[in-house]
Amino acid sequence: MARFFLSHKQETGEVCAFEKMRKCTLFKMDQIRHVLVERDILTATKTPWLVRLLYALRDTQYTDLAMEYVPGGDFCTLLALHPHNTPPSSLETGLRLYPSR
């Protein structure tokens, strides 16, 4: 659904994560509201537990979110990559450590 890129702001050299989403795919998958809520939450919330939304952009084909870059990926993807009934020991360790951060 979305593609992610590592991007650099030309003026400052600031590194950010750039999420690029096709509008037609979002519409087909009924995800438009989900993306708008994500944008609104990231805009309104100032907490160290969520990435900062730097920019929200759109054109006729794409909706893009430029966010603070945090190395290591996201926890939701880690969970999706492993079966929930038999997690490997590295995932179990991650489950114990992640909430404590």
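Structural data are supplied above this passage.
Quick caveat: nothing in here was measured; it's all calculated off a predicted structure.

### Looking at the overall build of the protein chain
Step number 1: In terms of helices and strands, the protein chain carries four helices and four strands.
Step number 2: Reading the helices (α) and strands (β) of the protein chain from amino to carboxyl end gives β-β-α-α-β-β-α-α.
Step number 3: In the protein chain, the share of contacts with a sequence separation of at least 24, taken over all contacts with a separation of at least 6, comes to 44%.
Step number 4: As displayed, the protein chain has an accessible area near 7,900 Å², and 58% of this comes from carbon and sulfur atoms.

### A short note on unusual backbone geometry
Step number 1: One non-glycine residue, Asp-30, adopts positive backbone phi at about 55 degrees.
Step number 2: The residue Asp-30 is located in the loop between helix H1 (23-28) and helix H2 (32-44) in this model.

### What to know about the packing of aromatic side chains
Step number 1: Taken as a whole and assessed by the stated rule, the structure comprises zero aromatic pairs.
Step number 2: Geometry around Tyr-62 places Lys-20 over its ring, the cationic atom sitting 4.3 Å from the centre.

### Here's the deal with the environment of Val-35
Step number 1: Tracing the backbone shows Val-35 in helix H2.
Step number 2: On the basis of relative accessibility, which here comes to 5%, the residue Val-35 falls in the buried class.
Step number 3: Filtering out sequence-adjacent residues up to four positions away, Val-35 remains in contact with Met-21, Leu-26 and Thr-63.

### Some details on the side chain of Thr-63
Step number 1: Within the secondary structure, Thr-63 is located in strand E4 (residues 62-68).
Step number 2: Of the residues examined, Thr-63 reaches a relative accessible area of 17% and is grouped as buried.
Step number 3: Residues contacting Thr-63, with those up to four places away along its chain left out, are Glu-19, Lys-20, Met-21, Lys-23, Val-35, Leu-57 and Arg-58.

Rules behind the numbers
Residues numbered from 1 in each chain as written. Predicted model: local features only at pLDDT ≥ 70, side-chain atom pairs only at ≥ 80, totals over all residues. Heavy atoms only, no water. Helix = DSSP H or I, 4+ residues; strand = E, 2+ residues; numbered from the N terminus. Contact = heavy atoms within 4.5 Å. Areas by Shrake-Rupley, 256 points an atom, 1.4 Å probe, with all protein chains shown as cover. Phe/Tyr/Trp six-rings, centres within 6.5 Å; stacked < 30°, edge-to-face > 60°. Lys NZ or Arg CZ within 6 Å of the ring centre and 35° of its normal. Buried < 20%, exposed > 50% of the residue type's maximum accessible area, 1.4 Å probe, protein only.

Structural measurements only, silent on function.
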